[in-house]
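Examination of the molecular architecture
One-letter residues, chain by chain:
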Amino acid sequence: MTGDRPTGKLHLGHYVGSLRERVRLQDSGDYEEIFIMIADMQALTDNADDPAKVQKSILELALDYFSVGIDPEKCTVFVQSQVPQLCELTFYYMNLVTVSRLMRNPTVKSEIQMRNFEKSIPVGFLAYPVSQAADITAFKATCVPVGEDQIPMLEQTNEIVRKFNALYGEVLVEPKVLLSKNKYCLRLPGIDGKAKMSKSLGNCIYLSDDEKTLKEKVMSMFTDPEHIKITDPGKVEGNVVFTYLEAFCADEHFKMFLPEYSTLNELKEHYRSGGLGDAKVKKFLSDILNYILSPIREKRKELAKDPTRIYKLLERGSKRAEEAAKRTLDEVRRAIGVCYF
Ligand code: TRP
């Protein structure tokens, strides 16, 4: 089980950090069922003044999902607000968490700072980790593939599960976080070299960027400021172009776009010793990214022609998710004793 907030288009950080991994999991056949949630209610916890943005982003997010290869026949893709059991579960869980524990959640802490919520924190915002615990446990999820920043949410979830099971009996399942094995994919830096690709920093490459925009963005990437002449030795650590190559490049890409080399290590060695210019490496990265993104872009364009069909898929997924959540809620109510007639 996993999900995203609908607050805008997805970028390459989302792609390597989670989307590509989800498609791999979906096709591995290792999972009985996969739930992917568009977290519109969670998005409202810090966008309550702009519901139109959230509403519009639901379709955008679904288009991103289906165009990268998430298959609605293999995964249940649904919308959080359409599964009311998640709210009910959140309300029961709120009694199992303290305000001070939520304030200590590192993700919540940094988000409070980012949004200048220090003086007046909306209750819904502070409680969103509790609601996320409900999202996960409603489906008795065993694995949650997410980015590194979500680890505190999973810890919070597991504390709630343990407390619930200890108080009311063994009903809930403790989930495990599933992180990408490639450390460069865990947190893709922005094209400016800042630690994180993020919309508010304006340093993203979006899945929907056209070929020209993509090329321009790659050409403007931060490299090694001391690598001035081609003959200068260059640094690959902290060099965004090489970080992206670590995340995206496969040996087959050399045959296709840069046959003078056969592995990334070879390319890195040449850059380190001097004699390899940034423009050439950037051109290589731009070719790779375009090769990966062009079928996604095409599929997105195709799917975007029929939004009704996309909403129908989400509706069907939401019904399926509701059935699954209902089963857990029946057990939860019985365990707590909230069943009188
Ligand atoms: N917090 C996640 C994000 O910021 C979205 C999310 C909501 C989620 N509920 C979830 C992720 C449950 C995994 C599991 O994108």
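**A short note on the packing of helix 11 (residues 211–219) against helix 15 (residues 278–304)**
Taken N-terminus to C-terminus, the directions of helix 11 and helix 15 make an angle of 150°; their axes are 9 Å apart at the nearest point. By the angle between their directions, the pair helix 11 and helix 15 is classed as roughly antiparallel. Between helix 11 and helix 15 lies a crossing whose hand is right-handed. Contacts between helix 11 and helix 15 involve Glu211, Leu214, Lys215, Val218 and Met219 from the former and Ala279, Lys282, Lys283, Leu285, Ser286, Leu289, Asn290, Leu293 and Arg297 from the latter.

**Considerations on the sheet that holds strand 3 (residues 76–79)**
In space, the three strands of this open sheet follow the order 1-2-3, with parallel pairing throughout. In this open sheet, the two edge strands, each paired with only one partner strand, are strand 1 (2–4) and strand 3. Within the sheet, the average angular offset between the axes of one strand and its neighbour, ignoring direction, is 20°. Sheet topology note: the strand 1/strand 2 (residues 35–38) ladder contains three bridges and is parallel. If you follow Gly3 over to strand 2, its bridge partner there is Met37. Contacts from helix 16 (residues 307–336) reach strand 2 and strand 3, with the element oriented near 95° to strand 3.

**What about the layout of surface pockets?**
Of the volumes computed, that of the largest pocket is approximately 1500 Å³. Surrounding the largest pocket, 48 residues form its lining, Arg5, His14, Glu111, Asp149 and Lys196 being those nearest its centre. Elements with a minimum of two residues in the lining of the largest pocket: strand 1, helix 1 (12–28), helix 6 (106–114), helix 8 (128–137), strand 4 (143–145) and helix 10 (183–186). When residues in the lining of the largest pocket are grouped by element, the largest group, five residues, is from helix 1. Tallied by class, residues from the lining of the largest pocket come to 16 nonpolar, 18 polar and 14 charged. If you go around the second largest pocket, you meet 21 residues; those closest to its centre are Glu33, Phe35, Phe139, Lys140 and Ala141. Ranked by residue count, the leading element in the lining of the second largest pocket is helix 16, at four residues. Grouping the constituent residues of the lining of the second largest pocket by class yields 12 nonpolar, three polar and six charged.

**Section: the domain arrangement of the chain**
Taken domain by domain, the chain consists of domain 1 (2–187 + 307–336) and domain 2 (211–301). Listed per partner, the contact involves 13 residues of domain 1 and 11 residues of domain 2. In total, domain 1 and domain 2 occlude about 1100 Å² of area from one another, counting both sides; carbon and sulfur atoms represent 64% of this. When residues of domain 1 are sorted by the area they lose upon contact with domain 2, Leu12, Ser67 and Tyr184 head the list and together hold 50% of the total.

**What about the nonpolar core?**
In terms of nonpolar packing, the biggest core is built from 60 residues, with Leu12, Ile205, Tyr244, Leu245, Phe248 and Leu267 touching the most fellow members. Viewed by domain, this core spans two of them, domain 1 (2–187 + 307–336) and domain 2 (211–301), each represented by three or more residues. In this structure, Met37, Val83, Ala141 and Ala321 belong to the second largest nonpolar core, which totals 40 residues.

**What to know about the packing of aromatic side chains**
Overall, the coordinates contain 12 aromatic pairs when judged by the stated rule. Residues Tyr340 and Phe341 carry aromatic rings whose centres are separated by 6.0 Å and whose planes lie at 70° to one another, so their mutual orientation is edge-to-face. Residue Tyr340 is classed as exposed on the basis of its relative accessible area, which comes to 61%. Take Phe341: its relative accessible area is 99%, and that puts it in the exposed class.

**Quick word on the site of the ligand**
Near the ligand you find 14 residues, and of these Met37, Gln42, Gln132, Asp135 and Gln150 are the closest. Between the ligand and the protein, one listed contact pairs an oxygen atom with a side-chain N or O atom of Arg5 at 3.4 Å. Contacts to the ligand include Gln132, whose side-chain N or O atom sits 2.9 Å from a nitrogen atom. Starting from 370 Å² of accessible surface for the ligand in isolation, the protein chains cover 91%. Among the cavities detected, the one that contains the ligand is the largest pocket.

Reading guide: rules and limits
- Residues numbered from 1 in each chain as written.
- Predicted model: local features only at pLDDT ≥ 70, side-chain atom pairs only at ≥ 80, totals over all residues.
- Heavy atoms only, no water.
- Axes fitted to C-alpha atoms, helices over the stretch in contact; angles between N-to-C directions.
- Helix = DSSP H or I, 4+ residues; strand = E, 2+ residues; numbered from the N terminus.
- Parallel < 35°, antiparallel > 145°, perpendicular 65-115°, else oblique.
- Left-handed = near helix turned anticlockwise from the far one by under 90°.
- Contact = heavy atoms within 4.5 Å.
- Pairing = 2+ DSSP bridges.
- 1 Å grid on protein atoms, 1.4 Å probe; cavity = no way out; pocket = protein on both sides within 12 Å on 5 of 7 lines; lining within 4 Å.
- Points joined across faces, edges and corners; volume = space filled by probe spheres on them.
- Nonpolar A, V, L, I, M, F, W, Y, C, P; charged D, E, K, R; others polar.
- Domains from an automatic or database assignment.
- Buried area = accessible area lost by both parts, 1.4 Å probe.
- Core = buried A, V, L, I, M, F, W, Y, C linked by side-chain atoms within 4.5 Å.
- Buried < 20%, exposed > 50% of the residue type's maximum accessible area, 1.4 Å probe, protein only.
- Phe/Tyr/Trp six-rings, centres within 6.5 Å; stacked < 30°, edge-to-face > 60°.
- Near = heavy atom within 4 Å.
- Polar contact = N/O pair within 3.5 Å; in protein donor to acceptor, adjacent residues only side chain to side chain.
- Areas by Shrake-Rupley, 256 points an atom, 1.4 Å probe, with all protein chains shown as cover.
- Sits in = over half its atoms within 2 Å of the grid points.

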